[in-house]
Amino acid sequence: MAHKPTIKDWLDLAQKELRDRPLDHLNKKTDAGLTIKPLYTQEDIEGSGKQDGDDSLPGMTPFTRGPRATMYTGRPWTIRQYAGFSTAEESNAFYRKALAAGQKGLSIAFDLPTHRGYDSDHERVVGDVGKAGVAIDSVEDMKILFDGIPLGEMSVSMTMNGAVIPILASFIVAGEEQGVPKQQLSGTIQNDVLKEFMVRNTYIYPPEPSMRIVADIIEYTSKEMPKFNSISISGYHMQEAGSTLVQELAYTLADGREYVRAALAKGMDIDAFAPRLSFFFCVGMDFFAEAAKLRAARLLWSRIMAEFNPKKPQSSMLRTHCQTSGVSLQEQDPYNNIVRTAFEAMSAALGGTQSLHTNSFDEAIALPTEFSARIARNTQLILQHETGITDVVDPLAGSYYVESLTRQLADEAWLLIEEVEELGGMTKAVEAGLPKLRIEEASAKKQARIDRGDTVIVGVNKYQLKHQDDIDILNIDNNAVRQAQITRLNRIRKTRDETACTKALENLTRVAKSGEDNILRLAVEAARARASVGEISNALELAWGRHKAETRMVSGVYGHSFEDDAHYDDVCKEISGLENELGRKPKILVLKMGQDGHDRGAKVISTAFNDLGYDVVVGPLFQTPGEAADLAVGEDVDIVGVSSHAAGHKTLAPMLLKELADRNAADKIVICGGVIPSQDYDFLKQAGVAAIYGPGTNILESAASLTGLLREQIRGRNR
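Residues numbered from 1 in each chain as written. Predicted model: local features only at pLDDT ≥ 70, side-chain atom pairs only at ≥ 80, totals over all residues. Heavy atoms only, no water.

Enquirer: Just checking my understanding: could you explain the overall build of the protein chain for this structure?
Expert: A tally of helices and strands in the protein chain yields 29 helices and 16 strands. In summary, the protein chain has a C-alpha radius of gyration of 26 Å against a globular reference of 27 Å for 719 residues, a match within 12%. Principal-axis analysis of the C-alpha atoms gives the protein chain an extent of 90 × 75 × 50 Å. When the 719 residues of the protein chain are sorted by exposure, 59% land in the buried category. Once local pairs closer than 6 in sequence are excluded, the contacts in the protein chain between residues at least 24 apart make up 80%. A total accessible area of about 28,600 Å² is found for the protein chain, and carbon and sulfur atoms account for 50% of it. (Helix = DSSP H or I, 4+ residues; strand = E, 2+ residues; numbered from the N terminus. Rg over C-alpha atoms; globule rule 2.2 N^0.38 Å. Buried < 20%, exposed > 50% of the residue type's maximum accessible area, 1.4 Å probe, protein only. Contact = heavy atoms within 4.5 Å. Areas by Shrake-Rupley, 256 points an atom, 1.4 Å probe, with all protein chains shown as cover.)

Written out as structure tokens, the structure is:
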């Protein structure tokens, strides 16, 4: 009888192939902190004993293998494309073309002023209107946005958290005036404010009243809008901010648990709202781990929901939308991004997502064009129609590797979920700043691995192009969009019943202060009276105030990753040399202007430059150019570093330079970094920007370059 090979036989063979290298060399530690072995066998899924979900079937508790029994064999996932830019008219035309080309649902991207509850005529939003999404100031804009798109037939997903009350109210009224009652509206509102305090920062009100908004929307929609999902609990922006997969999984589900408790505190029945909860995850380049993450998410959510004793199986079922990673997209050699997105999309499908957005290859540089959006959309169509992955339910099931990953992710995430519980739940954890701090540490470590070359990114830190041609990008005329919005706002304010509008807004403030009634119900009345998004938001702000986040900086994490690194030490010595010339540490202000809350880049730069030896001042979010100039002068910094991720740089950077000149501080070195197309570099340099560091820039290289600029300036003064 032939000898059956054993694990020991494999180990012996592997060791021979490796020759002098130890077998441990094959073990890996992923960015998520997971331990990956070179070989998995049946022992890996049996050795630690049977666990919940090991023998589950699709459509059955705990739903590890999928929320529906037939999954894509019965119906493939919904193809959504997150889009919105410029005016409602421009976005409407874009949506109509996408729907005609095979897209099945709409996902609306709003501009930053809308997210932050400001009308387009507000002084704080000069550089942001229509740039990173569509500008919506009122019901009239919402009606134009969906003109010719039947809301009674179309599922609409809206990524909105800060100004969620006026946006959802305006959507409901737009439906009514299209002839579609709210009971027939279908789709999802994100309504996930806790993650805003952790990563994305498009909050408006403090955490406690923000949680009341979440609960009121869940209550209203469960009673009045049976086809509408009241919340999309999002981990996407956590991973985009640099979290590990374990952190994204844990904190997203912990947020979900907190929202369930908030709804129950209003006296709601668990089965009345839980089936309409949905989730939203990022899918990055860790192919198998991302698929396993979605399987683990369903397993853990079923475990969490068991605490609340639901009667309906659907109440324990995690349904999710996914979006391919934005942060994995690179400016360098950008057509590589098409390949990245395709692999990420396949991972999401193999993990069992219910709907999917695929990013366009040019989104590391600017808003997607029609050309790039078509490629992104066709990526999903090819997956559905040409690859055969829709023919089998959960095709990765039974893989020793994937099953082991699923279990490992679930176990590691559960430890973090329990840590949040010990702090008193996610609202308390957010107020204490724990999840935000953990994510920022993970982000700094990840950037250090990229800068060291330990994490390879093709075209960025390895296999770089010697010359890169420009690609066509979508440019938005910010001034033209803003003027068009202001014109429409003025027309609405002149033609509405001002008495009825004022009374509706006063009622909203009263209810917000008293804690009585339902805020969304009152907001719908205000929207009918043609109160604007900014006016409805301000009515609530009068009751609750506007939240201001505490600015903190992680230290030591980036530098620790470069122990015994000669290049790192050389850069530190260069900076130390500046200290000798100045008589103090060189000082840099890292800031963000406008309503752009994406601060991952700014935080990583601050952490790294602090570790390298700079005196770093981190500016508060949402500054005007004037406020930024005041801070730069008051802190007497040498360098002002502007981080931009929302396309406002061409408006805001020149304004900052003028404000500095007006304060006799034109000698301060102004630099820009972030998502800035190379086509804009000449414009910024002509305006007075000294240097621009685009996506994928190695931090050590930028620090060395900037130190050289400062040294030249110091020596110029001394001549």
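Here the narrative resumes.
Enquirer: Any chance you could explain a nonpolar patch on the surface here in plain terms?
Expert: A cluster of nonpolar side chains, namely Met285, Val339 and Phe343, defines an oily patch on the protein surface of about 280 Å² accessible area. Here Met285 lies in the loop between β9 (277–283) and α13 (287–305). Judged by relative accessible area, Met285 falls into the partly exposed class, the value being 42%. (Patch = residues over 30% accessible without salt bridge, like charges linked within 9 Å, V, L, I, M, F, W, Y side chains within 5 Å. Salt bridge = Lys/Arg side-chain N within 4 Å of Asp/Glu carboxyl O.)

Enquirer: I would appreciate a short explanation of the packing of helix α20 (residues 498–514) against helix α22 (residues 533–544) in the present structure.
Expert: Each pair of packed helices can be summarised by the angle the axes make with each other and by the distance between the axes. The interhelical angle for the contact between α20 and α22, taken along N-to-C directions, is 35°, at an axis separation of 8 Å. In this structure, α20 crosses over α22, and the sense of that crossing is right-handed. Taken together, the residues of α22 that come into contact with α20 (itself represented by Cys501, Leu505, Leu508, Thr509, Ala512 and Lys513) are Glu535, Ile536, Ala539, Leu540, Leu542, Ala543 and Trp544. When grouped by side-chain class, the residues that make up the contact of α20 with α22 number ten nonpolar, one polar and two charged. (Axes fitted to C-alpha atoms, helices over the stretch in contact; angles between N-to-C directions. Left-handed = near helix turned anticlockwise from the far one by under 90°. Nonpolar A, V, L, I, M, F, W, Y, C, P; charged D, E, K, R; others polar.)

Enquirer: How do you make sense of the packing of aromatic side chains when you look at a structure like this?
Expert: By convention here, two paired aromatic rings are described through the distance between centres and the angle between planes. The tally for this structure, following the rule as stated, stands at 17 aromatic pairs. Site record: aromatic cluster; members linked through ring pairs are Tyr40, Phe287, Phe288 and Tyr401. A cation over a ring is seen here: Arg303 above Trp414, with NZ or CZ 4.7 Å from the ring centre. The ring centre of Phe683 lies 5.1 Å from the NZ or CZ of Lys650, which sits over that ring. (Phe/Tyr/Trp six-rings, centres within 6.5 Å; stacked < 30°, edge-to-face > 60°. Lys NZ or Arg CZ within 6 Å of the ring centre and 35° of its normal.)

Enquirer: Looking at this structure, I do not really get unusual backbone geometry. What am I missing?
Expert: Phi is mostly negative for residues that are not glycine, and the peptide bonds are mostly trans. The amide bond that connects Thr61 to the next residue, Pro62, takes the cis arrangement and shows omega of 5°. Here Pro62 shows up in the loop between α2 (43–46) and α3 (71–74). Of note, the phi angle at Tyr463 is positive, near 60°, even though the residue is not glycine. Here Tyr463 lies in the loop between α18 (434–452) and α19 (478–495).

Enquirer: Hey, could you run me through helix α16 (residues 400–422) in this one?
Expert: In an α-helix, one full turn covers 3.6 residues, which means residues spaced three or four apart are oriented alike. Over its 23 residues, α16 extends 33 Å from the first C-alpha to the last, a length consistent with the 33 Å expected when each residue adds 1.5 Å. Those residues of α16 that fall on the buried side of the exposure criterion are Val402, Ser404, Leu405, Thr406, Arg407, Leu409, Ala410, Ala413, Trp414, Leu416, Ile417 and Val420. For α16, the secondary structure elements touched by its buried residues are β2 (35–36), α2, α11 (245–265), α13, α17 (426–432) and α18. Downstream of α16 by one or two residues, Gly424 has phi in the positive range, about 105°. (Expected span 1.5 Å × (residues − 1).)

Enquirer: Help me understand the packing of α13 against helix α14 (residues 336–351) in this model?
Expert: Two numbers describe how α13 lies on α14: the axes approach to 8 Å, and their chain directions differ by 30°. In terms of orientation, α13 lies roughly parallel with respect to α14. In this structure, α13 crosses over α14, and the sense of that crossing is right-handed. On the side of α13, the interface is formed by Phe287, Glu290, Ala291, Leu294, Arg295 and Arg298, while α14 contributes Phe343, Met346, Ser347, Ala348, Leu350 and Gly351. A class-by-class count of the residues in the contact of α13 with α14 yields seven nonpolar, two polar and three charged. (Parallel < 35°, antiparallel > 145°, perpendicular 65-115°, else oblique.)

Enquirer: Can you walk me through the sheet that holds strand β14 (residues 639–644) in this structure?
Expert: What links the strands of a sheet is backbone hydrogen bonding, and the strands pair in either a parallel or an antiparallel sense. Taken in spatial order, the five strands make up an open sheet running β13-β12-β14-β15-β16, and their pairing is parallel. Only two strands of the sheet have a single partner each, and these edge strands are β13 (615–618) and β16 (691–693). The average angle at which neighbouring strand axes cross in this sheet is 20°, direction not considered. Strand direction decides the pairing type here: strand β12 (residues 587–591) and β14, joined by four bridges, are parallel. (Pairing = 2+ DSSP bridges.)

Enquirer: Would you mind showing me how to read helix α9 (residues 207–224) here?
Expert: For α9, built from 18 residues, the straight-helix expectation of 26 Å at 1.5 Å per residue is met to within 8% by its first-to-last C-alpha distance of 26 Å. Across the 18 residues of α9, 14 count as buried, placing the element largely inside the fold.

Enquirer: Explanation requested: the nonpolar core in the structure shown.
Expert: Nonpolar side chains in soluble globular proteins tend to be buried together. Grouped together as the largest cluster of nonpolar side chains are 79 residues, with contacts concentrated most on Leu253, Trp301 and Met426. It is α13 that contributes the most residues to this core, twelve residues altogether. Not counting chain neighbours up to four residues away, the residues in contact with Met426 comprise Leu194, Met198, Tyr251, Ala254, Asp255, Glu258, Val420 and Pro435. One finds Ile519, Leu520, Ala529 and Ile536 within the second-largest nonpolar core, a separate group that totals 59 residues. (Core = buried A, V, L, I, M, F, W, Y, C linked by side-chain atoms within 4.5 Å.)

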